[in-house]
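Tertiary structure, described
The lines below spell out each chain.
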Amino acid sequence: MGIVVMPAYTDYWSSSYRYSLIADVMPLKRYQALRRYIHFVDNNDLDSDRYFKIRPFLNEIRKKFLEIDEEHKYSIDEMMVPYKGIRAGNRRQYIKNKPRKWGIKNFIRAGVTGMIYDFLIYGGEDTFRSYSFSDYENNLGLGAKVVLALCQTIHQKLCSVVYFDNFFSSLELMQVLRHEYGIFSLGTIRNNRLRGCPLASDPVLKKQGRGSFSQKVTTDGKIVICKWYDNKCVTIASTYTDAYPVGKIKRFCKSEAGKMDVTCPQMIKDYNQHMGGVDLADMLVALYRTELRTHRWYLTIFSQMLDICVNNSWLLYRRDLDVKSKPMPLKEFRKSVATSLLTKNPKRGRPSAQERATKTITNPTIRPTDDIRYDNLNHFPESCPKGRCKHCVGGQTRI
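Along every chain, residues carry numbers that run from 1 in the direction the sequence is written. Local features in this predicted model are restricted to residues whose pLDDT is 70 or higher, and side-chain atom pairs enter the listing and the counts only when it is 80 or higher, whereas totals over whole chains, interfaces and linings include all residues. In computing side-chain properties, one takes all heavy atoms of the structure into account and sets aside hydrogens as well as water.

Naming follows an unreviewed UniProt entry, where the chain appears as PiggyBac transposable element-derived protein domain-containing protein of Rhamnusium bicolor.

The classification of residues rests on relative accessible area computed with a 1.4 Å probe and restricted to protein chains. Under 20% of the type maximum is buried, over 50% is exposed, and intermediate values are partly exposed. Secondary structure elements follow DSSP: runs of H or I of four or more residues count as helices, runs of E of two or more count as strands, with numbering from the N terminus. Looking at helix α3 (residues 55–65), one finds that the buried residues are F57, L58, I61 and F65. Buried residues in α3, looked at end-on, bunch into an arc of 95°, giving them a common side. Any two residues whose heavy atoms approach within 4.5 Å at even a single point are treated as in contact. Elements in contact with the buried residues of α3: β4 (116–121) and α10 (297–320). Think of the arc as the fan of directions from the helix axis to the C-beta atoms.

On to the nonpolar core, then. Membership of the largest hydrophobic core comes to 70 residues, with the highest contact counts inside it found for L177 and I301. In terms of residues, this core owes the most to one element, α10, which gives 11 residues. In this structure, L177 is in contact with V147, L148, C151, V162, F164, G182, I183 and S185, ignoring residues within four places of it in sequence. Each nonpolar core is a collection of buried residues, namely Ala, Val, Leu, Ile, Met, Phe, Trp, Tyr and Cys, held together in the definition by side-chain atoms within 4.5 Å. Counting 15 residues, the second-largest nonpolar core is a separate cluster that includes V161, W228, M267 and M275.

Now for unusual backbone geometry. The omega torsion across Y244 and P245 is 5°, close enough to zero to call that bond cis. Of note in this structure, C159 is not a glycine but carries a positive phi near 70°. Inspection of the secondary structure puts C159 in the loop between α5 (142–151) and β5 (161–164). Owing to a relative accessible area of 49%, C159 belongs among the partly exposed residues under this scheme. Although it is not a glycine, R195 sits at a positive phi angle of roughly 55°. Its location among the elements puts R195 in the loop between β6 (184–188) and α7 (202–208).

For this document, the term salt bridge refers to a Lys or Arg side-chain nitrogen within 4 Å of an Asp or Glu carboxyl oxygen. The tally for this structure, following the rule as stated, stands at 13 salt bridges. Of the charged contacts in the structure, one is a salt bridge between E291 and R100, with a shortest N-O distance of 3.7 Å. Highlighted residues: E291 in the loop between α9 (277–287) and α10 and R100 in the loop between β2 (92–94) and β3 (102–111), separated in sequence by 191 residues. Among the ionic pairs, R334 bridges to D307, the shortest N-O distance being 3.2 Å. Here R334 is found in helix α11 (residues 330–344), whereas its partner D307 is found in helix α10, with 27 residues between them in sequence. Exposure remark for D307: the relative accessible area of 2% places this residue in the buried category.

See the structure below:
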């Protein structure tokens, strides 16, 4: 069963639109009290960090992400934390090509499966407060420093591969990644960052037709630059692969009213195959986003991080699942997480008249699930001086 989205959160408890799956968990006033008093730091402890109000929470989440067993191919891109309010100040950014254009920018390093391994929230000049760079790296610009910061935490750097778009890429960045970190890279690159590379011009490739390309290699043979013409020209650079072997891909042709084979360099295929990790992670968040409407801008980051944690847990569950078993859909996985949390903290309140009239418990309302019984969290027995255990079928024990 899906969750119904109400115009206002108070409607879940209203007499006209009451939604029992939420309203039965806790009273409205208790939920409002939790919303009001949730904080992550002492507000009296002022800090120059622009995200100090939520920094301890972010550090704990990031610490857990860095403990995950990693892949060897990563994509680096930005993810928007949706927020249109004005209280975030210039932390709020605008990216016209994103589905949610207004929000807080979060740089992500993710695997091909959509698993997020590291993140870096943009904070202007305060973005790299906990990172150190050499003088040469400091002069490479914002995009390159984001890539270097996110690559510093890769477990096995040697021969790993990172993919990024033209906002981040430059020839100098690719050289640093290869020589200083031992990391290969591939990404689209802007024409004003080619440092005079003599590629064929756009009109020449357009005249040759779709699928034409021009490739150049540096004198030391460690960077390959390729320009490929499809609907328009795209330039790509790499430190581990080139245009060959050339393959074929299907593209729609308007004049023929159908699909046709177009020549495609190997670099383009590798980029399209591995660059979508961050977009996949963003899509998983958008499927069942926890919308938290509030004036406090940092609670939107809190809710998005919770969604990312659940999605990472689901991907780990799929990774560890037996090959022959059918994986649980993300919606069912989120439901099982909510059910387990509610079982760990059963609703406590005044018993009903029927419950008070019953002397023995024959059908307990809440019983621990197997994932709680075997989660190794050291559940110690507690005595029940005023009655018998409500989790037992017949109430046979006071423990």
